[in-house]
Amino acid sequence: MAGEDQRPLPHIYLPAHGEREDFTSPQSGGGGVTIPQRNREQHAQRLDQMLTVAVDVAQERIVNRDLEISGGTPGFYLEFALPQSQQSMLDKLENKRGREHIELVAARPSIDDPNLIKATVFVPESKREYYLSKVRAYREEDNIRYQKDDEGNFIQDEAGNRVEKSRRPKNEDLVASLETVRIAEAESLYTDDLQLFPAAGQEVWWEVWLRNDGRPILEHAAGQLDLMTKEHSVTFPEREVVLLCAAPESIGLIIANTDAIAELRMARDTPSFFMEMNGAEQIEWSQELAGRIVAPGVNAPAVCLLDSGTTRRHPLITPALAEEDQQAWNADWNVEDVGAQWLGHGTQMSGVALYGDLIDALVANGPIELSHRLESVKILPDHGANDPDLYGYITAAAVGRTEVQAPERPRAYCLAVTSVGDYWRGRPSSWSAALDDLAYGDGEDQRLIAVSAGNIRNYYPAGEYLDQNDTAAVENPAQAWNALTVGAVTEKITITDPDFLGWQAMAPTGDLSPSSRTSVSWHHDWPIKPDVVYEGGNHGVDPATGNSDHIDDLALLTTFNRPEERAFTVTGDTSAATAQVAHLAAQVLSGRPELWPETVRALIVHSAEWTPAMLRHLPAHPNQGDQRLILRRYGYGVPSLDRAQRSFNSDVTLVVESDLQPYLLEGSRTSSCDMMLHDLPWPIDKLNELGETPVEMRVTLSYFVEPNPGERGWTKRHRYGGHGLRFSVKRPEESIDRFRWRVNAAAREEDERVGRAGNDEGWVLGPRLRDRGSLHSDVWRGTAADLANRHAIGIFPVGGWWREKPRLDRANRRVRYALVVSLRANVDIDLYTEIANAVGIEVDIDT
């Protein structure tokens, strides 16, 4: 890359004069391709046998294609071997005549013999005899050239026959160049380093290079095989590249049943590529990226980091962090990230909060537009430790500082710091209660706070994976009811570092990061934690011992706190996951800065889904205990920015921000007050037309409670939350009046368990699992006709200390809530336009 003294210079254009020379075609034997000399009969017979076997195997595979997976043109892949000297013959393997083409899809040097090239072609079934006919014509037919005189007439012998000039076997150039042919397997399409080709059963991320129109075919097959793909892709004139996570056996199934794949490579964008660079090389890369950054506006939303400080002079942090937004809770402290004991943690989180995994920005082309800013308030001392009794006070003071500096700025707080130990096991602490109080904001200044679930700090044997996680409880203060608690999942399973050849990733793709803590060991009355999970990296496993360790390839790349030495380092665990979720929250706010913190939390959780790897831990017919395990291990799953921000034609999300008065104080008696009924603009006629088609409805209710901590048994009079809210959905057989009566009856009862009464099938979790804390989310599955009559949702209050303790003068307060409801039909139907028209939203129609 260019140094600092380099500057752009114009091209040098030469004048158009020079000496003209006639072009002379090469003479025969003077530089043309040399065709290998073969025993014609033996060579043809050997290739004929190979092709016959390959075509027979291919035909059997076509007949036995899995109809659930198959797609595209029926056909098969063949792998040819030919000498390096015959590389010019590769084009002759193709046949573009007719409607269905034989296409050369991949070519690579042979790992077994460096003098050979392996070439793979896709052959439509309609042309299965193409190469056999070429070989048989080579064996049985000749191409003859005849001599001509100076006038162009054929020369004849005494018998009147034309005199031959040359005689060669038909198709000799191609057929004589072929060494072997066989039915292609996954390795045949693999053009990367074969030392990195995964072992049987080992899942890795592949770069799948697709043939024209291959993406829908691949996505269908991947869906049927329960394989993960990345949403983004890279498109070239003849190829589209997508990322797919699969074992070689699954790739083989796709190759055998579709025509989608042209080429396979290992997904090689891993941190080790950058971590192996020296400091100067890293700095050049960071400077190049810094030149492409479009800084956020001064009024853009922010992620506010409460951490060990940050390194503002880092070229990738400077564009988003103003000097006045870099502070410390203690005015006497250095605001920079210089405490050796924290290993640059705050700067690491700064990079993740701005860019996510930095690799994506480094390898991209074009500008990187930052949609949000960064704020930093240092809460960790450079030496020693804070007094644990002051954790809550320090956090509140840090929040106060940033809000004095920019009081009108929308922000998401990121607290990727926990106290060591899990002794609270769900019970509120002074620190977690302080977070809840900050989020509640006295009912007027609510805040969105993302907090990490905490990490298992030691490496453990692979055989203990998940058992360790399920017994390691979420750390303090992540039990906070109002906080968005983040655990870690991983999709990082590809190891390219040659120092770890043969090592494998501990967690399968889409499963829990080995360091992530859970609430599996908590009592069932405490909130579901974590709320969501996000990428936190993986551990590598030595196959010889089964022990695990850190590998750069399985981590996230981020910013280093001493940028004069080097620009990058790696990070991971629930800290990195939390910074990414705060990043996601800020992106949601950048699109709609007026959203309430309760709403942003609801949208993030509502967008989350359990991955296929998570769902594989459930039996075919899970009971509530099975669902509880998944919920307390993974929360509601992995959130998606697309789903949090956007609806689609057949996947429509409605968002309601409202308030109510949960209780009413009359004299000395407090009773339930408001119940809110939301009659949703369901496309009833369209749903009835779909009849028995399976559909989904998801409901998420988010609100913040005022905490009242203390070890007093958590009885009705000593509940932790000032109030509680629940949702109930109208049942198909109920009239609106009957539904209103049922919800009102539940709201009047002092025992919140009454709201769970009755049988309403179809909910994945049900009230007994979802009604914990101050965030409730569930999915109902059934038929479209059934859903057509479920168009009303009631929000009603349940018990809280506001009602039980009228002397504290809270009973007549109003509270806010966010309700998010989505309707999803897995068929090609436009539900969005009908709902939008019903609520008066103008919909653009593409013409």
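Strand order in the open sheet made by the 4 strands is S2-S3-S1-S6, with antiparallel pairing throughout. Looking along the sheet, the strands with just one partner apiece sit at the ends: strand S2 (103-109) and strand S6 (180-183). Here the average twist between neighbouring strands, direction ignored, is 20 degrees. Relative to S6, strand S1 (residues 75-83) runs antiparallel, the two being bridged by 4 bridges. Across the sheet, the residue bridging to Ala81 is Thr180, located in S6.

On to the pairing of strand S30 (residues 694-702), then. Working note: regular strand, side chains alternate between the two faces of the sheet. The buried fraction of S30 is high, at 8 of 9 residues. With 9 bridges joining them, S30 and strand S32 (residues 775-783) adopt antiparallel strand pairing. Counted as the bridge partner of Leu701 is His776 from S32.

This part takes up the pattern of salt bridges. Any two side chains of opposite charge can pair, on the condition that their charged atoms come close. One pass over the full model with this rule turns up 58 salt bridges. The salt bridge involving Arg292 is made with Glu288; its shortest N-O contact spans 2.9 Å. Residue Arg292 is classed as buried on the basis of its relative accessible area of 12%. Notably, a salt bridge pairs Asp786 with Arg790, separated by 3.6 Å at the nearest N-O pair. Classification of Asp786 by relative accessible area gives partly exposed; the value is 25%. On the basis of relative accessible area, Arg790 is assigned to the buried category, the value being 3%. One network of salt bridges, in which partners are shared, links Arg40, Asp142, Glu164 and Arg167.

Time to look at the state of the cysteines. Within this structure, the stated rule accounts for 0 disulfides. No disulfide involves Cys414; its sulfur sits 9.1 Å from the nearest other cysteine sulfur, which is in Cys304.

Turning our attention to the packing of helix H13 (residues 573-591) against helix H14 (residues 597-607). Axis separation between H13 and H14 bottoms out at 10 Å; the angle between their running directions is 115 degrees. Handedness of the crossing formed by H13 with H14: right-handed. Taken together, the residues of H14 that come into contact with H13 (itself represented by Val581, Leu584, Ala585, Val588 and Leu589) are Val600, Leu603 and Ile604. Class assignment of the residues belonging to the contact of H13 with H14 gives a composition of 8 nonpolar, no polar and no charged.

A few words now on the packing of aromatic side chains. If you walk through the whole model with that rule in mind, you get 19 aromatic pairs. Look at Tyr190 and Phe197: their rings are 5.0 Å apart centre to centre, the planes differ by 85 degrees, and that puts the pair in the edge-to-face class. For the pair Tyr190 and Phe197, one class covers both residues: buried. A ring pair is formed by Phe500 and Trp503, whose centres lie 5.0 Å apart and whose planes are at 85 degrees; its orientation type is edge-to-face. An aromatic cluster is built from Phe273, Phe274, Trp285 and Phe568, whose rings are joined through pairwise contacts. Positioned above the aromatic ring of Phe154 is the side chain of Arg162, whose terminal nitrogen or guanidinium carbon lies 4.0 Å from the ring centre. Its guanidinium or amino end placed over the ring of Trp205, Lys230 lies 4.8 Å from that ring's centre, counting from NZ or CZ.

Another point: the nonpolar core. If you look at the biggest cluster of nonpolar residues, it comprises 66 residues, and the most contacted ones within it are Leu306, Trp682, Met697, Val699, Ile793 and Ile795. When sequence neighbours within four positions are dropped, the list of residues in contact with Met697 reads Trp682, Val729, Trp763, Asp778, Val779, Trp780, Leu787, Arg790, Val821 and Ser822. Ranked by size, the runner-up nonpolar core spans 45 residues in total, among them Leu448, Ala472, Tyr634 and Leu775.

What counts, and at which threshold
Residues numbered from 1 in each chain as written. Predicted model: local features only at pLDDT ≥ 70, side-chain atom pairs only at ≥ 80, totals over all residues. Heavy atoms only, no water. Pairing = 2+ DSSP bridges. Helix = DSSP H or I, 4+ residues; strand = E, 2+ residues; numbered from the N terminus. Axes fitted to C-alpha atoms, helices over the stretch in contact; angles between N-to-C directions. Buried < 20%, exposed > 50% of the residue type's maximum accessible area, 1.4 Å probe, protein only. Salt bridge = Lys/Arg side-chain N within 4 Å of Asp/Glu carboxyl O. Disulfide = S-S within 2.5 Å. Left-handed = near helix turned anticlockwise from the far one by under 90°. Contact = heavy atoms within 4.5 Å. Nonpolar A, V, L, I, M, F, W, Y, C, P; charged D, E, K, R; others polar. Phe/Tyr/Trp six-rings, centres within 6.5 Å; stacked < 30°, edge-to-face > 60°. Lys NZ or Arg CZ within 6 Å of the ring centre and 35° of its normal. Core = buried A, V, L, I, M, F, W, Y, C linked by side-chain atoms within 4.5 Å.

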